[in-house]
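Structural overview for review
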Amino acid sequence: MSNLKAPVEPFRIKTVERIKMTGRRERENILQKAGYNVFNIPAEKVFIDLLTDSGTAAMSDNQWAGLMTGDESYAGAKNFFHLEATVKNIFCFKHVIPTHQGRAAERILFEGLVKKGDFVPNNIHFDTTRANVEVRGARAVDLVIDEAYDPDTIHPFKGNLDVDKLKKFIEKKGPKKIPLVMMTITNNSGGGQPVSVKNVKEVNQVCQQHKIPLFFDACRFAENAYFIKKREKGFEKKSVLEIAQEIFSYGQGATMSAKKDALVNIGGFITLDDDQLAEKLKSQLVLSEGFTTYGGLAGRDLEAIARGLEEVLEEDYLEYRINQVAYLGQLLDEAGVPILRPVGGHAVYLLADRFLPHIPRHQFPGWALTVALYREAGIRAVEIGGVMFAHKDEKTGQEIFPALELVRLAIPRRVYTSAHLEYVAEALANLYKNRERVRGLRIVRESQYLRHFTIRMEEL
Ligand SMILES: *Cc1c(COP(=O)(O)O)cnc(C)c1O
């Protein structure tokens, strides 16, 4: 890792929101009441909240001003036309369909395309994408390059889809069973790792041969474009807007959660070329989300998204954003704290099984680390490991744990300063020094689906 300094924020602060440090005793009580599950902790009792980068961005003065220009007409609000023009300029597809967030975009797209028995390849499906494929009776298949699963392999585009795996998969299942291929940029579930233009081009060639449409899960397209500018030969001099336009030119459409790279707290959209499919999706949209020019959002929300999409492509912002996340990664690396490398676009991932080698997998080292981090420093992170992703073997009933036991420190956009991140790094460095004191956990109560949200635990 290069010797990065704390990046200078390309903004100054006009409004502040107080955050309050709790006492250690208070945090101990809160943990007990929360059943040792950080999802059950009131946000006001968290000092630095790194649970997610989704919907947690700080809007700019320009976006807040935009809210006041919200046109709340039922149909044809002027803010829709602003959003439509902005999305078309970046994504270059014919139709723009707003939705209330990313998963609604996924549901509506898949209702239009995916049938029972189908397969949908992706580099790695995000959880909601996978769930929306599988609820249709289809299978979500992850075809990312093998390097993605090794936390020590340095690769500039660790989010790439494996083209050979894709070719073989299409040969095996037949193109008729594959209604679309998706690429997630950046690859959230694989550590926020970028995908290269070269890879997108190659995937598109394979898709075209078999007449399969390629769609992007575009939540972090601007962060992905910035990585391309920095890492891919031939793109150094292009603007991130030009890079994004080129990426999207190799596909037929995209779904987007505006809660990420549109720098807003709620919203999403589908954008695509196919006229017939667009008609079908719009008739689905009116059933559940709303009329085609608002899709479950207020006019003011549409305006904030349009303005956010313009701001996210400002390159001084992206430089600061990517470097801020890398800076936290570097501070942790220097303190010897084990992290997944290279650092991705929106989060630093701790390797919890290496951090806490004395805690066996069935005592949930990742979960234990999230509990310890809150107890020590009032910081909230999220486990992406045995509690979230273990499944039971159908025959033996034994728990099978995922390959990686991670804790994600997601960085909200434009919210925390470098001093906040230094505080986080110091807390983790101290915790690492005293790691033998951290104890494993036992499950007291769990639900059948998505157990991490409601699980109750007890320390051993
Ligand atoms: C957040 C996210 C989604 C889902 O979007 P929501 O707005 O949370 O519904 C889909 N895909 C990826 C890659 C995401 O990060």
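Residues numbered from 1 in each chain as written. Predicted model: local features only at pLDDT ≥ 70, side-chain atom pairs only at ≥ 80, totals over all residues. Heavy atoms only, no water.

Focus: the packing of aromatic side chains
Under the criterion given, the structure shown has 16 aromatic pairs. Among the aromatic side chains, those forming a connected cluster through ring pairs are F91, F93, F216, F221, F248 and F269. Over the face of the ring belonging to F126 we find K260, whose NZ or CZ atom lies 5.5 Å from the ring centre. Its guanidinium or amino end placed over the ring of Y432, R435 lies 4.0 Å from that ring's centre, counting from NZ or CZ. (Phe/Tyr/Trp six-rings, centres within 6.5 Å; stacked < 30°, edge-to-face > 60°. Lys NZ or Arg CZ within 6 Å of the ring centre and 35° of its normal.)

Some points on the pattern of salt bridges
A complete count under the given rule lists 28 salt bridges for this structure. For K229, the salt bridge is made with E315, and the minimal N-O distance between the two is 2.9 Å. Here the residue K229 occupies a position in helix α8 (residues 221–231), and E315 occupies one in helix α12 (residues 315–334), the gap between them amounting to 86 residues. A cluster of three or more residues bridged by salt bridges with shared partners is formed by D53, R220, E223, D261, R321 and R413. (Salt bridge = Lys/Arg side-chain N within 4 Å of Asp/Glu carboxyl O. Helix = DSSP H or I, 4+ residues; strand = E, 2+ residues; numbered from the N terminus.)

Some points on the site of the ligand
What surrounds the ligand is a group of 15 residues, the closest being R103, D217, R220, S257 and K260. The contact in question runs from an oxygen atom of the ligand to an N or O atom on the backbone of G102, over 2.9 Å. Here an oxygen atom of the ligand sits 2.8 Å away from a polar atom, N or O, in the side chain of R220. Relative to its free-state accessible area of 380 Å², the ligand is covered by the protein chains to the extent of 97%. Contributions of two or more residues to the shell around the ligand are made by α4 (102–113) and α5 (127–134). Classifying every residue of the shell around the ligand by side-chain character gives two nonpolar, seven polar and six charged. (Near = heavy atom within 4 Å. Polar contact = N/O pair within 3.5 Å; in protein donor to acceptor, adjacent residues only side chain to side chain. Areas by Shrake-Rupley, 256 points an atom, 1.4 Å probe, with all protein chains shown as cover. Nonpolar A, V, L, I, M, F, W, Y, C, P; charged D, E, K, R; others polar.)

Some points on the nonpolar core
Side chains of a nonpolar character, in soluble globular proteins, are inclined to be buried together. Residues F91, V181, V203, F216, F221, F248 and L309 are the most contacted members of the largest nonpolar core, which totals 66 residues. With six residues, α8 is the largest single contributor of residues to this core. Both domains that meet at this core, namely domain 1 (24–53 + 314–459) and domain 2 (61–311), each give it at least three residues. With near-sequence residues (within four places) excluded, V203 lies in contact with L161, V163, L166, V181, M183 and L214. In this structure, I41, A381, L409 and A427 belong to the second largest nonpolar core, which totals 49 residues. (Core = buried A, V, L, I, M, F, W, Y, C linked by side-chain atoms within 4.5 Å. Buried < 20%, exposed > 50% of the residue type's maximum accessible area, 1.4 Å probe, protein only. Domains from an automatic or database assignment. Contact = heavy atoms within 4.5 Å.)

Regarding the pairing of strand β14 (residues 406–410)
Side-chain direction in a regular strand flips from residue to residue, so the side chains alternate between the two faces of the sheet. Of all five residues in β14, five are buried, a share of seventy percent or more. Side chains L406, R408 and A410 project from β14 onto one buried face, and the interleaved V407 and L409 project onto a second face that is buried too. The pairing of strand β9 (residues 347–351) with β14 spans five bridges and is antiparallel. What sits directly across from V348, in β14, is L409. Where strand β11 (residues 382–384) lies against β14, three bridges are found, and the strand directions are antiparallel. Looking at β14, one finds that E383 is bridged to V407. (Pairing = 2+ DSSP bridges.)

A look at the packing of α8 against helix α9 (residues 240–249)
Between α8 and α9, the least distance of the axes is 9 Å, while the angle of their chain directions is 105 degrees. Considering the angle they form, α8 stands roughly perpendicular to α9. Mapping the contact onto sequence places F221, N224, A225, Y226, I228 and K229 in α8 and V240, I243, A244, I247 and F248 in α9. Its residues assigned to classes, the contact of α8 with α9 shows nine nonpolar, one polar and one charged. (Axes fitted to C-alpha atoms, helices over the stretch in contact; angles between N-to-C directions. Parallel < 35°, antiparallel > 145°, perpendicular 65-115°, else oblique.)

Quick look at a nonpolar patch on the surface
A contiguous nonpolar patch, built from F11, I13 and V16 and spanning about 320 Å² of accessible area, is present on the exposed surface. Looking at where F11 falls in the secondary structure, it is placed in the segment before α1 (24–33). Taking the relative accessible area as the measure of exposure, F11 reaches 31% and is therefore partly exposed. (Patch = residues over 30% accessible without salt bridge, like charges linked within 9 Å, V, L, I, M, F, W, Y side chains within 5 Å.)

Some remarks on the domain arrangement of the chain
What the domain assignment reports for the chain is domain 1 (24–53 + 314–459) and domain 2 (61–311). Using C-alpha coordinates to define each centre, domain 1 is positioned 27 Å away from domain 2. Regarding the contact of domain 1 and domain 2, the summed buried area is about 2300 Å², with carbon and sulfur atoms giving 52% of it. Linking domain 1 with domain 2 are seven salt bridges, by the criterion used here. Our count for the contact surface shared by domain 1 and domain 2 stands at 16 residue pairs in polar contact (both at pLDDT 80 or more). Those elements giving two or more residues to the side of domain 1 that touches domain 2 turn out to be α12 and β9. Considering each element in turn, the side of domain 1 that touches domain 2 owes the most residues, six residues, to α12. (Buried area = accessible area lost by both parts, 1.4 Å probe.)

Focus: helix α7 (residues 197–209)
The end-to-end C-alpha separation of α7 is 18 Å, in line with the 18 Å expected for 13 residues at 1.5 Å each. By the burial criterion, the buried members of α7 are V197, N199, V200, V203, N204, V206 and C207. Residues of α7 that are buried in the fold lie against α6 (163–173), β5 (181–184), β6 (214–217), α8 and α9. Of the residues flanking the end of α7, it is K211, one or two places downstream, whose phi is positive at about 55 degrees. (Expected span 1.5 Å × (residues − 1).)

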